[in-house]
Amino acid sequence: METSKRIILVGALLCSLFAYAQSLDTHLGRAIDYVNKGDYARADREVALVQQWNSEDGHMVHVSEMSNACAYLEHCQSVNLPQAVKDSIASYLVEECGLRVNEISRQGNIAETMRLCALGLRMCEVSAQRHHQNYAVLLIDMSMGYQQQGDIPSALEYAKQSLAVFTDNHLEKNTSYCTIAFLTGGYYIMMGQDYVSAYPYIKEAYDVCERLGGASAHPHYPQMLNTYAKLEGQMGAYYAGLGQHERALEHYLSDLTLCEKAAGRDEQYAVILNNIATEYGDLADYPNALQYNQESLALRKQLFGEQHQEYAAALDNIGGVYLNMGDNAQAFACFDKAREIYERLGIRDGMYAMTLSNLGSVYDEFGDYKRAEDYMLKGMRLRKQLFGEVSVEYANSLNNIATFYLETGDLERARDTNLRALSIFESVYGKDHIESASTMSNLGAVYEDLHEYDLAERYHRQALDIRQRVLGANHTDCAISLNNLGMLHDRKHDYHAALKYYAQALNIYKKHFDERSSHIATTINNIGGVYDALGDYEHAAEYYGKACELFYDLYGEHHPNYVTALSNVGFTYYEMGDYKKAEQYLLRSYDRHKTQFLQSLEFMTESQREKYWESIAFEFEFSIPNLAYDCYQKDSRYTGIAYDNQLFYKGALLQSADAVKRSILESGDDRLIGEWKALNDLRKEMVRLHERDPKSATLAEYEQQAEVLEKHITQSSAVYRNNRQLWETKWQDIRGALK
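Remember, it's a predicted structure, so these values are computed and weren't measured experimentally.

Engineer: For this particular structure, what's the right way to read the overall build of the protein chain?
Structural biologist: If you tally the helices and strands in the protein chain, you get 35 helices and zero strands. Counting the 739 residues in the protein chain, one finds 48% classified as buried. Counting contacts in the protein chain only where the partners sit at least 6 residues apart, residues at least 24 apart contribute 61% of the total. Accessible area of the protein chain: about 34,300 Å², with a carbon and sulfur share of 48%.

Engineer: Looking at this model, I keep getting lost on helix α6 (residues 110–126). Mind explaining?
Structural biologist: Note that an α-helix has 3.6 residues per turn; residues three or four places apart therefore point the same way. Taking 1.5 Å per residue as the helical rise, α6 with its 17 residues ought to reach 24 Å, and the 24 Å between its terminal C-alpha atoms agrees with that figure. Along α6, the residues classified as buried are Thr113, Met114, Leu116, Cys117, Leu119, Gly120, Leu121, Met123 and Cys124. Looking one or two residues past α6, Ala128 carries a phi angle of roughly 55 degrees, positive in sign.

Engineer: Help me understand the packing of aromatic side chains in this model?
Structural biologist: We describe a pair of aromatic rings using the distance from one ring centre to the other and the angle between the two ring planes. Enumeration according to the criterion identifies 23 aromatic pairs in this entry. With a centroid separation of 6.0 Å and 25 degrees between ring planes, the pair formed by Tyr206 and Tyr221 is classed as stacked. Taken together, the residues span a long stretch of sequence, with Tyr206 in helix α10 (residues 195–212) and Tyr221 in helix α11 (residues 221–241) at a distance of 15 residues. Grouping residues by exposure puts Tyr206 and Tyr221 together as buried. Taken together through their ring pairs, the aromatic side chains of Tyr199, Tyr206, Tyr221 and Tyr228 make up a single cluster. The ring of Tyr352 has Arg348 lying over it, and the distance from NZ or CZ to the ring centre is 4.8 Å. Sitting over the ring of Tyr501, Lys500 keeps its end group 4.7 Å from the ring centre.

Engineer: Please clarify how unusual backbone geometry should be interpreted in this entry.
Structural biologist: For residues besides glycine, phi is generally negative; the peptide bonds are generally trans as well. The residue Ala284 is not glycine, and still its phi comes out positive at about 65 degrees. Relative to the helices and strands, Ala284 resides in the loop between α13 (267–282) and α14 (286–304). With relative accessibility at 6%, the residue Ala284 sits in the buried group. A positive phi angle is found at His493, which is not glycine, with a value near 65 degrees. Take His493: it is sitting in the loop between α23 (476–491) and α24 (495–512). The exposure class assigned to His493 is exposed, which follows from its relative accessible area of 57%.

Engineer: Would you mind going over the packing of α13 against α14 with me for this structure?
Structural biologist: If you want to describe how two helices pack, look at the angle between their axes and the distance between the axes. Interaxial distance between α13 and α14 falls to 8 Å at its minimum, and their mutual angle equals 160 degrees. The angle between α13 and α14 places the two elements in the roughly antiparallel class. The element α13 and its partner α14 pack so that their crossing is left-handed. Of the residues in α14, those in contact with Glu267, Tyr269, Ala270, Val271, Leu273, Asn274, Ile276, Ala277, Tyr280 and Gly281 of α13 are Tyr286, Asn288, Ala289, Tyr292, Asn293, Glu295, Ser296, Leu299, Arg300, Leu303 and Phe304.

Engineer: Is there a simple way to think about a nonpolar patch on the surface in this case?
Structural biologist: A contiguous nonpolar surface patch, about 260 Å² in accessible area, is contributed by Val390, Val428 and Tyr429. The topology assignment puts Val390 in the loop between α18 (369–387) and α19 (392–407). When its relative accessible area of 58% is taken as the criterion, Val390 is described as exposed.

Engineer: What exactly am I supposed to notice about the environment of Thr179 here?
Structural biologist: Among the structural elements, Thr179 can be located in helix α9 (residues 175–190). For the pair Thr179 and Met224, spaced 45 residues apart in the sequence, the C-alpha separation amounts to 9.3 Å. Excluding residues that lie within four positions of it along the chain, Thr179 makes contacts with His218 and Met224.

Engineer: Looking at this structure, how should I read the pattern of salt bridges?
Structural biologist: When charged atoms on two side chains of opposite charge get close, those side chains can pair. In the structure shown here, the tally under the stated rule is 21 salt bridges. Here Arg461 and Glu457 are joined by a salt bridge, their closest N and O atoms 3.1 Å apart. Taken together, the positions of Arg461 and Glu457, both in helix α22 (residues 453–471) and four residues apart, correspond to about one turn of that helix. Under the relative-accessibility criterion, Glu457 is labelled buried at 15%. Each of Lys301, Glu306 and Lys337 takes part in one network of salt bridges that share partners.

Engineer: Would you take a moment to explain the environment of Ala402 for this structure?
Structural biologist: Mapping Ala402 onto the fold places it in helix α19. By relative accessible area, which is 0% here, Ala402 ends up buried. Once the C-alpha coordinates of Ala402 and Asn442 are considered, the two residues, 40 residues apart in sequence, prove to be 8.4 Å apart.

Conventions and cut-offs
- Residues numbered from 1 in each chain as written.
- Predicted model: local features only at pLDDT ≥ 70, side-chain atom pairs only at ≥ 80, totals over all residues.
- Heavy atoms only, no water.
- Helix = DSSP H or I, 4+ residues; strand = E, 2+ residues; numbered from the N terminus.
- Buried < 20%, exposed > 50% of the residue type's maximum accessible area, 1.4 Å probe, protein only.
- Contact = heavy atoms within 4.5 Å.
- Areas by Shrake-Rupley, 256 points an atom, 1.4 Å probe, with all protein chains shown as cover.
- Expected span 1.5 Å × (residues − 1).
- Phe/Tyr/Trp six-rings, centres within 6.5 Å; stacked < 30°, edge-to-face > 60°.
- Lys NZ or Arg CZ within 6 Å of the ring centre and 35° of its normal.
- Axes fitted to C-alpha atoms, helices over the stretch in contact; angles between N-to-C directions.
- Parallel < 35°, antiparallel > 145°, perpendicular 65-115°, else oblique.
- Left-handed = near helix turned anticlockwise from the far one by under 90°.
- Patch = residues over 30% accessible without salt bridge, like charges linked within 9 Å, V, L, I, M, F, W, Y side chains within 5 Å.
- Salt bridge = Lys/Arg side-chain N within 4 Å of Asp/Glu carboxyl O.

None of this, on its own, says anything about what the molecule does.
Structure below.
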């Protein structure tokens, strides 16, 4: 008899597998014997007897006891039947078991469901059907049973076995596969938020579901989409925390696309825009950082309006980018507006604390160190109040103000503040954490300025060691530590060691960034400085020049790094005696310093202008006069340039308050005059209050109000514009007026 005939006959046999094992063994055993002997007539009679018996018993469409069916299947595997017949019997019984599992599962009987799953799995194993999809489905049913019992590790193990059936046997990746992959990823998330392990499973589930048709292919597609979108964001945060900003950026960009697909351009979409901007900022790609932050600001304005804390937070983010770009005036405008919104709304949270610290950073750039410290301390104290003394937020504030103390030369306070921050980070994270490494780098810089070079090197090397162990030897944070070691040896006049460290740092940066990177530009500039110190001016000019080009490409012509690079190239040519080339670079540097100064003045009070001048006066009072001194006999133009320089800062700084007052009162502008009088009255009240209680909180509030008023008057009055024209007066203009 042909195999196909045998399968047809066994099809009739399968209809009789609905009774208990004894009956099955009696009648079907005889039928199988007759089949093996080729006596098909007697086999048919035995099948007919079994069918008649089962019809009377009412089990024609259902296996009533799967244990007996499993026993019969084991019996069938032990007798001499064609493999096709055995496979047909096994497939039927396994499918029947799956139907029973679904039925009992719907009834909520977990124990019985898992018992039937175990029987079904046993059937597959007995009949060598572990490579079939039915086996995978039973495994995931068992997995879900363990999940309902709260045994997630066992649930995960069965889910992974289920997936392996598909992958190991190259089965079609269908909707069942999507469900199994999705559940597997979900179990990892349930087991302690293990997003890294969950990610490949959730991504695979979503990708396959998309290929199958998305929402039309799977009933749980929306849940898959939302989960995958959130997971991309969590992976972005994970890699950002490790300092792997390129990988973080990939996940955030994917998150942005998925978020828009799932919910449109909502509040979460604005948050993701900011996350992307942050990663671009950490990569020193400030144009892209600014673009994404501005998109976030526009969306938050549309969603919440301008008088909302979300809008203020977006302003603060943009201010941070401007600060990194060296545009201090724009940075101040953003931070100050954010502060006003928070205070108007009565918000005193962590974001407000950050805004206060950021304002302190801008005042630091302006050279107004008193206000810089005041704002930084306000931010730090608020974070301590909000988060506690042993918190990462408070430690970050300590690090910020320690950097300020370092820059202003208060080295003991910088050291002590950094040590407090380090103690907190080690309490929260342990000793081998990248936050601890960053603080160690800061301490290394402090000890450098204290001329304690052994301690400085110890902290820089500890930071490097942690970063290499945690992040890998080729991570960009390791390059930062190598740069720090280079600067330390540069300072110790160990120039060859400095070059070695800079070269190692540059090699790492080039693995991660293209040439147009601020990290590469800064390192090249450092190498130029070593050659300058060695008296190798040709190499110094080469490296300074390359850094200058990169800074220009990165930031444009008004960024402080570019302006400083211009000065470096100019002074190098000056040392080489090439005054013509020195002039080209130094005058360009001078012009851009002047532009920066004028832009900054628009946001400063009179006292702030004086303090800011002190921080940049070197460029005006040294570089140009020196060039004029060396070249005046060859070219009298330099003397005129030097005089213009003196007129500029005298006009900018020495314009008297009385002249400004008189001009405002005679302007005829009622609103401006009213603001001026209000400012004057406020200052008088401040004097009276200071005499009574110098530490009054009201006094600090009045000082802030006075500052806002003075800035508004400065920015809006025609007097300021007239003053600016005065500042731009040339010595030839004065000579002409005197004739």
